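If you want the building blocks of each chain, they are given just below.
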Amino acid sequence: MPEKILMKGNEAFAEAAIRAGCGFYFGYPITPQSEIPEYLSRELDKRGGKFLQAESELAAINMAYGAAAAGGTVFISSSSPGIALMQEGMSFICSAGVPLTILNVSRCGPGVGGIQPGQADYFQATRGGGNGDYRIPVFAPDSIQEAVDLIYAAPPIADKYRNPVMILADGMMGQMMEPVAMPEPRPIIKPEDIPAYKPWAVTGKAGHGNVKNVVQSLYLQPELLEKNTEDMYVKYADAEKALVRYEAKGLEDAEIVFVAFGTVARLCRETIELLGEAGVKAGMIRPISLWPFPYAAFNEIGPKTKVVISVELSMGQMIDDVRMGVCGRLPVKLIHRVGGLVPTSIEVKNEALAILEGLK
Amino acid sequence: MKPVFTITEGMLPVSTSYCPGCTHGVAHRIIMEVLDEMGKLGDAIGVAPIGCSIVAHKFMNVDMLETAHGRAPAVASGIRRAQPDKVIFTYQGDGDLASIGMGEIIHAANRGETFTTFFINNAIYGMTGGQMAPTTLVGQKSTTCVEGRDPMKVGMPVKMCELIANLPRAVFVERVALNTPAHIRQAKKAVRRALEVQEQRLGFSFVEFLSSCPTNWGLNGPEAAKFVEEQMIPYYPLGNLRTPEEVAK
């Protein structure tokens, strides 16, 4: 087991990306994740990679597309409004079949919103803010260690599916400090070795048998566009089976089942203890993969459960998926704060008890 | 017997989809001829824009990728990081480069990115059907300025070479035309020098081609060539605005 060191979230995320073998980073400053480009500007070139500060998030996502289409293992990060600017690129990159690891240290919106933590990017992340049919696997860590592990796991997933993978953290996790064990570094693939790993990449045709490679998104012939889209969804069907991750806690005998991810899941753990002290058994489903969403986890809910409560830092976005998971079997309620406010575990407990009372 | 004419390996043996009288095909060919002559077809990575020439990869026989509208210089900047030893170029029209992609081209030029941009200026949006471009001439009619471009409403046509040449790390900047054999020969020389500048990693290199769009100008081929000569060249003067000493011959 590697030694644990105390690190600030954003710096740990950046270090994890280097250790994951990401040789290329393109970013634009935005709170609350600016420590990531700062860290990588200091570290990445020293360790055999390339850092470039982009003139905008539009440029950053397209630099990432270029480097990844040319075979590089690429990591980018931003926060909510910056991720919004990257959506055109994400749609394009999905259709072009190019791997990429994206980190969103999300803040609250809409619009410029604020710089405090938020989870109202759930729709943007899981439904896609870009045009057309595409999907992006999204993973939501609830600790710095889990974020590090997910960032480390992301590039091989992105490579396997030739599709972006997103880690959705929130501003709280970017800014807090926790002890973390770093994984063993993977090497950065050398340019001359890329054709062997990624024979589809545009590296100059001399590197792949003088047969030209084209990375494209335009299909003017409807039949070809339909085929490309359906091929993407063959990959997504596999991803929907292979990438589901969640944590379930105390579902067998819970009266209340919370559903929460990220920072909110941390405080719900405390709420479950507080409710236990008050004589009410509660459990939790914590989706780690937001897409694919762990719908099957809801089949584990036991017969004593009276209500499922989605706890979110949004006006209720994940709750749509929660309803699909519950499928009409139980009432589904929402506890939430927005604007950058995070409820305390006591507030969640009191609201949950009021909901339970209201059902009687 | 000595062959007097061969087709460059840089162009695939297919007909292009460009309109009769359009000079995209000429620009494609001279770029590919130079890469062929330099022995670089196997090492080249081309970046196609949004516009008529998004399909350039169907004709240019090198590795290529398509990009979102205007973002080619950002994409090429990314490619350069991952492929430090390759020949990288963007091929962009005036709507792509001088309108929606103005930010990306200026910043890539300012960074002195070591790829080459080939800029096709035909003073109009071709693929979408003849709307006003940033480079549409004063008084020139288009489907979004049917009375002709009014500079009091939309400003003057943008002179990209002059803008780019203001940036110290844009070390090679030249404007050429494709409307006469003499101009095409000059254009090919500019392409070669731009790629030599890239080869030596001296900084950013930029070649603007005054091109023609007979379909959307409402002219036939010879009239379009005359339009370039009589209307475009007086406003967009041909010539080299900047050459580094290393390739100045």
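Residues numbered from 1 in each chain as written. Chains lettered and ligands numbered in written order. Predicted model: local features only at pLDDT ≥ 70, side-chain atom pairs only at ≥ 80, totals over all residues.

## A closer look at the overall build of chain B
Here's step 1: Helices and strands together make up the secondary structure of chain B, namely 9 helices and 7 strands.
Here's step 2: Summarising its shape, the C-alpha atoms of chain B cover approximately 50 × 45 × 35 Å along the three principal directions.
Here's step 3: Classification of the 249 residues of chain B by burial places 55% in the buried group.
Here's step 4: Nonlocal contacts in chain B, meaning residues at least 24 apart in sequence, comprise 69% of its contacts between residues at least 6 apart. (Helix = DSSP H or I, 4+ residues; strand = E, 2+ residues; numbered from the N terminus. Buried ≥ 20, exposed ≤ 12 C-beta atoms within 10 Å, placed from the backbone. Contact = placed C-beta atoms within 7 Å.)

## Considerations on the domain arrangement of chain A
All names here are of chain A.
Here's step 1: Segmenting chain A into domains produces domain 1 (4-199 + 229-242) and domain 2 (247-359).
Here's step 2: Taking the mean C-alpha position of each, domain 1 and domain 2 sit 28 Å from one another.
Here's step 3: The interface is formed by 25 residues belonging to domain 1 together with 22 residues belonging to domain 2.
Here's step 4: Those elements giving two or more residues to the side of domain 1 that touches domain 2 turn out to be α6 (122-127), β6 (138-139), β7 (164-170), α8 (171-175) and α10 (222-242).
Here's step 5: Residue composition of the side of domain 1 that touches domain 2, grouped by class: 16 nonpolar, 5 polar and 4 charged. (Domains from an automatic or database assignment. Nonpolar A, V, L, I, M, F, W, Y, C, P; charged D, E, K, R; others polar.)

## Let's talk about the nonpolar core
Residue and element names in this part refer to chain A.
Here's step 1: In terms of nonpolar packing, the biggest core is built from 194 residues, with A64 and I151 touching the most fellow members.
Here's step 2: For this core, the element with the most residues is helix α3 (residues 57-69), which contributes 10 residues.
Here's step 3: Viewed by domain, this core spans two of them, domain 1 (4-199 + 229-242) and domain 2 (247-359), each represented by three or more residues.
Here's step 4: Discounting residues that sit within four places of it in the chain, I151 has contacts with F13, A16, A17, A20, T101, L103 and I167. (Core = buried A, V, L, I, M, F, W, Y, C linked by C-beta atoms within 7 Å.)

## Observations regarding the sheet that holds strand β2 (residues 24-27) of chain A
All names here are of chain A.
Here's step 1: The 7 strands lie next to each other as β3-β2-β4-β5-β7-β6-β13, forming an open sheet whose pairing is mixed. Each edge of the open sheet is held by one strand with a lone partner, namely β3 (50-53) and β13 (289-291).
Here's step 2: Examined bridge by bridge, strand β4 (residues 74-78) and strand β5 (residues 100-106) share 4 bridges and lie parallel to one another. Bridge pairing in β5 places F75 opposite T101.
Here's step 3: Sitting on the sheet, α3 is in contact with β2, β3, β4 and β5, with an inclination near 165° to β4. (Pairing = 2+ DSSP bridges. Axes fitted to C-alpha atoms, helices over the stretch in contact; angles between N-to-C directions.)

## Observations regarding the sheet that holds strand β14 (residues 307-312) of chain A
All names here are of chain A.
Here's step 1: Ordered in space as β10-β12-β11-β14-β15, the 5 strands form an open sheet in which the pairing is mixed. Of all strands in the sheet, those bounded by a partner on one side alone are β10 (246-249) and β15 (332-336). Geometrically, the sheet is characterised by an average inter-axis angle of 20° between neighbouring strands, direction not taken into account.
Here's step 2: Here strand β11 (residues 256-259) runs beside β14; their pairing, made up of 4 bridges, is parallel. Residue pairing for β14: F258 is matched across the bridge by I309.
Here's step 3: Against the sheet, helix α11 (residues 263-277) engages β11, β12 (282-287) and β14, with an angle of about 170° to β12.

## Some thoughts on the interface of chain A and chain B
Here's step 1: Contacts between the two partners involve 36 residues from chain A and, on the opposite side, 30 residues from chain B.
Here's step 2: Elements supplying a minimum of two residues to the side of chain A that touches chain B: β2, β3, α3, α5 (87-96) and β9 (214-215) of chain A.
Here's step 3: Here the side of chain A that touches chain B takes 9 residues from α3 of chain A, the largest share from any one element.
Here's step 4: The class makeup of the residues in the side of chain A that touches chain B is 19 nonpolar, 12 polar and 5 charged.
Here's step 5: Two strands pair when backbone bridges link them, and β9 of chain A and strand β2 (residues 63-66) of chain B are joined in this way by 2 bridges, in the parallel orientation. Across the sheet, the residue bridging to V214 of chain A is M64 of chain B, located in β2 of chain B.

## Concerning the packing of helix α2 (residues 72-82) of chain B against helix α4 (residues 102-111) of chain B
All names here are of chain B.
Here's step 1: For the pair α2 and α4, the least separation of the axes is 7 Å and the interaxial angle reads 40°. Our classification of the angle between α2 and α4 gives oblique. Contact with α2, carried on its side by P73, A74, A76 and S77, involves E104, I105 and A108 of α4 and no other residues of that element.
Here's step 2: Residues belonging to the contact of α2 with α4 are distributed by class as follows: 5 nonpolar, 1 polar and 1 charged. (Parallel < 35°, antiparallel > 145°, perpendicular 65-115°, else oblique.)

## Details of the pairing of β15 of chain A
Residues and elements named next belong to chain A.
Here's step 1: A large share of β15 lies buried, amounting to 4 of its 5 residues.
Here's step 2: The pairing of β14 with β15 spans 5 bridges and is classified as parallel. Each residue of the ladder has a partner; that of S310, found in β15, is L334.
Here's step 3: This β-α-β element, β14 to helix α12 (residues 319-326) to β15, shows right-handed connectivity. (Right-handed = clockwise from strand over helix to strand, strands pointing away.)

## With respect to unusual backbone geometry
Here's step 1: The peptide bond linking T31 of chain A to P32 of chain A adopts the cis configuration, its omega dihedral lying at 5°.
Here's step 2: Omega for the bond connecting G109 of chain A with P110 of chain A falls within 30 degrees of zero, at 0°, which places this linkage in the cis form.
Here's step 3: A positive phi angle, close to 60°, is found at N210 of chain A, a residue other than glycine.
Here's step 4: With respect to the helices and strands, the residue N210 of chain A is situated in the loop between α9 (194-197) and β9.
Here's step 5: Accessibility expressed as a C-beta count within 10 Å gives 11 for N210 of chain A, which makes it exposed.
Here's step 6: Residue R201 of chain B is not a glycine yet carries a positive backbone phi of 55°.
Here's step 7: Mapping R201 of chain B onto the fold places it in the loop between α7 (181-199) and β6 (204-210).
Here's step 8: According to the C-beta neighbour criterion, R201 of chain B is exposed, with 10 such atoms within 10 Å.

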